[in-house]
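Secondary and tertiary structure notes
Here are the chains, one letter per residue:
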Amino acid sequence: MRVLVTGGAGYIGSHTVLQLLRAGHEVVVVDDFSNAKPTVVGRLEELAGQPVPVHAFDLADGDKLDVLLAQERIDAVVHFAGSKAVGESVAKPLDYYANNIGGTISLLRAMAQQRVWRIVFSSSATVYGEHAPVPMTEDLPTSATNPYGWTKVMIEQILRDVAVTDERWRVALLRYFNPVGAHGSGRIGEDPSGIPNNLMPYVAQVAVGRREELTVFGDDYDTVDGTGVRDYIHVEDLAAGHVEALQWISEHDRAVSTWNLGTGRGSSVLQVIGAFEQASGRTIPYRVAPRRAGDIAASYADPARAERELGWRAERTLVDMCADTWRWQSTNPEGYPDGQD
Ligand code: UFG
C-alpha cells in the first residue's frame, strides 16, 4: 500500500514509518515539525536505506492535503499528528481542540474527497478516564480528565460517525498505553522539548546527567509499592501493532475496529527506576513528592482482543525498553541536533 503517515517525524510516527517500509509498504510523511526536528528525516533515510518523502505542512491546510492524496495515489492513512501534552492542554484548551480535532476533520474531508477510506488512528488509553477497572478492555465507557484526553475521545467519535457515511470506510482506533523505548540502533527515539512530562524520558535525562533527580509523584497509591502503575510498551512493539492493524482493516469488512495496544502488565514508578538502573548501570536519584493532579493509581491493558484478532503481542520486556531508551539517550544526550546532523 501507499501509506500517508501524519506526524511521521514524531516519536511513534518515525518508528512506525520504518516498520511500514520494512513490511513492504510505500510511505509518504506529512508533518508540520511543531514537535519534531527535521534531522529525524535524515536518520530515517539512513535506517531505511531509501529516501523518505516528507511534506512539511499543517493538516489544517485542506487544499494541500487534497493535492497530496491525489498526486501520491494514497491507499491508507496512519494518523499520528496532534498535540499531546496533558498540562499544556489544560492551559490552552482551544489550541488543543483546534489542532487535534481541526486537523483530523481536515484530513477526513480530504480522504473522502479523494476516496481514501482506510485510517489507523493514534488513540490513547486516556479515553478510559479516571475510574476504569484494570485490566482495561475495549468495551469500557470512554471519558477524559483533560482537554488532550477529550480530543482523543471526540476524534474516536468523529471517526465512528464518519464511518457510517460510506460503507467503504475502514477505521482502526488504536488505544496506546505508555509508549517508551527507542529503535535498537539508538538513532531515533523520544526527544521531548523542554522539561519532560512523562516518566521514562525524565528518568533517561536524570541518568545522562541533564537533570539532577526524578520527582516521584506520590507513594501512597493502593499499588504494589504505593507508586503509580502503568503498562509500558516498547515503541517498536507499538509500531508493529500499526502494521498489523492496517493489514487487518484492509482484509476485513468491519467498519470500525478498536484495539488496546499494551503488554497487559503494570509496572510501578519504583520498578521502572530499578529496571533503568539495571539497564544503564547508573543510579537514578529521586525524591517523593505529592501526587500529580489527574493521575490515577493503576492503568494496564487487557490486550487479548489485539492478540486474538491481529495475532499481535508485545514482546519486549521493561528492561529491553530501558536498555533501548538508554542507548538512544546516552548517544544523543541533547536529543536530535538542531541543524546539520
Ligand atoms: N511520574 C513520576 N514522575 C515524573 C513523571 C511521571 O512519578 O516525573 C509517574 C506518574 O505519576 C505516573 C507514571 O509516572 O504514575 C507515568 O506517568 P507518565 O506521565 O509517563 O504517563 P501517564 O500515564 O500519566 O500519561 C500517559 C500518556 C498521556 C495520557 C495519560 C493518561 O503519556 O498521553 O497516560 O493517563 F494522557
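Look up a bit, the structure's there.
The text that follows walks through the structure, step by step, so that each part is easy to find. Keep in mind the model is a prediction, meaning the values are calculated, not measured.

A word on the sheet that holds strand β14 (residues 298-299). Each strand in a sheet pairs with its neighbour through backbone hydrogen bonds, running either in the same direction (parallel) or in the opposite one (antiparallel). Taken in spatial order, the 3 strands line up as β12-β9-β14 in an open sheet, and their pairing is mixed. Sheet topology places β12 (267-268) and β14 at the edges, where each strand pairs with a single neighbour. Where strand β9 (residues 229-230) and β12 come together, 2 bridges link them in antiparallel fashion. Paired with V229 across the strands is S268, a residue of β12.

Looking along the chain, the bond that leaves V134 and enters P135 is cis, with omega of -5°. With respect to the helices, strands and loops of the structure, P135 is situated in the loop between β5 (118-124) and α6 (147-163). In this structure, R115 takes a positive phi of about 60° despite not being glycine. By secondary structure assignment, the location of R115 is in the loop between α5 (93-113) and β5. A residue is classified by how much of its surface remains accessible, and R115, at 53% relative accessible area, is exposed.

To continue, consider the sheet that holds β5. The strand order across the open sheet built from 7 strands is β3-β2-β1-β4-β5-β6-β11, with neighbouring strands paired in parallel fashion. Two strands close off the open sheet at either side, each with one partner strand: β3 (54-55) and β11 (256-261). Examined bridge by bridge, β5 and strand β6 (residues 170-176) share 7 bridges and lie parallel to one another. Bridge pairing links S124 to Y176 in β6.

What counts as what
The written sequence of each chain sets the order in which its residues are numbered from 1. Reporting in this predicted model follows two pLDDT cut-offs: at least 70 for local features of residues, and 80 or more for side-chain atom pairs to be given and counted; totals over whole chains, interfaces and linings ignore these cut-offs and use all residues. For the side-chain quantities, the full set of heavy atoms in the structure was used; hydrogens and water were omitted. Between any two strands, at least two bridges found by DSSP are needed for them to pair. In DSSP terms, a helix is any run of H or I states spanning at least four residues, a strand is any run of E spanning at least two, and both are numbered starting from the N terminus. To sort residues, take the accessible area from a 1.4 Å probe on protein chains only and compare it with the maximum for the residue type: under 20% means buried, over 50% means exposed, and anything in between is partly exposed.

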